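Here is how the chains run, residue by residue.
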Amino acid sequence: MNKLIKTVCWLFVTVLLLVSCMKSDDNKVTLYSDTAITYFSLGTLNQYLHTKSSEGLDSIYKRTFDGSDYIFSIDQANHRIFNVDSLPYGTDVKHVITYISTMNNATPFLKSLEEEGTLIFYSSSDSIDYSTPREFEVYASDGVTYDTYKVELNVHKEKGDQFIWMIHQDSPELEELDLMKAVMLDDQLFVYGTKEGKTLGYMTTDGDSWKPLEELNDENAYRNLLVFENHLYTIVNGSLMQSADGMSWKEMNSTLDITQLVAASYDQLFGLTSDGTMMLSDDYGETWKEDLVDSDKSWLPTAGTAYVCYPAQMTYYADNILLAGISTGISNIASVWRKIVEYDLQGDEKWVYMSRSDNNLYALPLMENLVMMAYDDGILAWGVKDDAYTQIYQSRDNGIIWKKNSSYQLPAAFVESGTVPFGAATDGKEIWLVGSNGQVWQGHLNRVAWDKSE
């Protein structure tokens, strides 16, 4: 670190130099009274992370990353400099190389932490300790005018790949349900399930207080529940029903040939007939036509189905739909199908079976109570097998390869309470998990929550 110099001494030296320059007939010097920091960036940064050896021993390893990837905002009105996108967990902010540019060749000085009133010559080759907010005094070329800037380096306090679960108070309403399904609509969690031959529904905005919804006189109505065009849809005693809030339902089609709703895209509904034929409707369920499939329709999932719809990458105005479940034509793994819906084209997109040719390696296992959701740039799926909850599987290639991801674990208290029917849904940031034991959980992967909030 450069030698500490009192502010007054530096100003005296500066004035002498300026006077000397001004006496020369060969030099014309323009002195400015305005000053500002116009650019602020970081150099290479160190990050220290914890890991475990194969023997289970804790150790720390270091990695480096480019600090210039993190953009700093300069608030000229309040003279604040800060990074909106926090630096990664474990970043060493005590030894930071800083790059600063100023207006009109103004000179920045760093205020000392050890000695009040003392300034330090700023140098881009000297590291600076930013473990606490630091202040720079930036002097204009007239040697008199200066502004003070406060610099703060924001660093994540949590590990990005750590999944955090939070339990809410138990819900006696959910304990009444024998089977259940959960969906999200307008940041509200809707849970429907069966009781005494009927489907009961409840809604919550905070996970603690639950509002009862209109009963549906069909114990299978919960199975067909899905969200389409910002409305709830289901089938009740053979009629297609729609609701904006679950408090009242409107009949959309009373002569429905569809026995099961299985998926929805941005503007299409998909369902199965009693013989397993895939059908689609693009007019809110009023009329239906047979949809195209690329394989034997007996391979289509007809029981324990789950689906997810999410934007297709590298393609504008298109969605991926992934549908999975138990089929009559496939006995040892889950049946997984995908369809790409292109809204700006009037093509005939087919449902494509995600066939296996590698001895079912990385296939989605056969399971009951299957749930799927788009989360963290991938698809999560889990359910129940052999009377136990499966681990959470993740696919990052649109349903072809499914792998267990240790970053995602169901809450231990939920698992230990015994296997019960459950529902799960997400708004893209928070994952909600509810069980017929009355437990209500809310969780997120830290970096997903950070991305949504910043």
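Rules used throughout
- Residues numbered from 1 in each chain as written.
- Predicted model: local features only at pLDDT ≥ 70, side-chain atom pairs only at ≥ 80, totals over all residues.
- Heavy atoms only, no water.
- Helix = DSSP H or I, 4+ residues; strand = E, 2+ residues; numbered from the N terminus.
- Phe/Tyr/Trp six-rings, centres within 6.5 Å; stacked < 30°, edge-to-face > 60°.
- Buried < 20%, exposed > 50% of the residue type's maximum accessible area, 1.4 Å probe, protein only.
- 1 Å grid on protein atoms, 1.4 Å probe; cavity = no way out; pocket = protein on both sides within 12 Å on 5 of 7 lines; lining within 4 Å.
- Points joined across faces, edges and corners; volume = space filled by probe spheres on them.
- Nonpolar A, V, L, I, M, F, W, Y, C, P; charged D, E, K, R; others polar.
- Core = buried A, V, L, I, M, F, W, Y, C linked by side-chain atoms within 4.5 Å.
- pLDDT = per-residue confidence, 0-100.
- Contact = heavy atoms within 4.5 Å.
- Polar contact = N/O pair within 3.5 Å; in protein donor to acceptor, adjacent residues only side chain to side chain.

This part takes up unusual backbone geometry. The phi torsion of most residues other than glycine is negative, and most of the peptide bonds are trans. In this model, His 79 sits at a positive phi of 55°, which is unusual for a non-glycine residue. The residue His 79 is located in the loop between β5 (72-75) and β6 (80-83) in this model.

This part takes up the packing of aromatic side chains. The way to describe two aromatic rings as a pair is by their centre distance and the angle between their planes. Evaluated as defined, the whole model comprises 20 aromatic pairs. Centre to centre, the rings of Trp 299 and Tyr 353 are 5.2 Å apart; their planes meet at 55°, and the pair counts as tilted. Taken together, the residues Trp 299 in the loop between β25 (289-290) and β26 (303-311) and Tyr 353 in strand β29 (residues 352-353) connect sequence positions 54 residues apart. For Tyr 353, a relative accessible area of 11% translates into the label buried. With a centroid separation of 6.2 Å and 80° between ring planes, the pair formed by Tyr 375 and Tyr 408 is classed as edge-to-face.

For the structure shown, the criterion picks out two cavities of 30 Å³ or more. One number sums up the size of the largest cavity: a volume of about 60 Å³. What lines the largest cavity is Ile 333, Ala 334, Val 336, Tyr 353, Met 354, Arg 356, Ala 363, Leu 364, Gly 399, Ile 400 and Trp 402. Partitioning the lining of the largest cavity into residue classes produces nine nonpolar, one polar and one charged.

Attention now moves to the nonpolar core. In summary, soluble globular proteins display a tendency toward joint burial of nonpolar side chains. If you look at the biggest cluster of nonpolar residues, it comprises 25 residues, and the most contacted ones within it are Phe 40, Leu 42, Leu 87, Tyr 130, Phe 136 and Leu 153. Taken together, the elements giving at least two residues each to this core come down to β2 (37-42), β7 (96-102), β11 (134-139) and β12 (146-152). Core analysis: the second largest hydrophobic core is formed by 21 residues, Leu 380, Val 420, Trp 441 and Val 448 among them.

Considering every residue of the chain, the mean pLDDT works out to 88; 90% of them sit at 70 or more. Contacts from residues 1-25, a stretch scored under 50 in pLDDT, to residues over four places away or in other chains number 32 contacts.

In this structure, Gln 394 sits in strand β33 (residues 393-395). Under the relative-accessibility criterion, Gln 394 is labelled buried at 9%. A polar contact of 2.7 Å, which involves the side chain of Gln 394, links it to the side chain of Asn 405. Once you skip the residues sitting within four places of it in the chain, Gln 394 turns out to touch Tyr 375, Asp 376, Ile 379, Leu 380, Ile 401, Trp 402, Lys 403, Asn 405 and Tyr 408.

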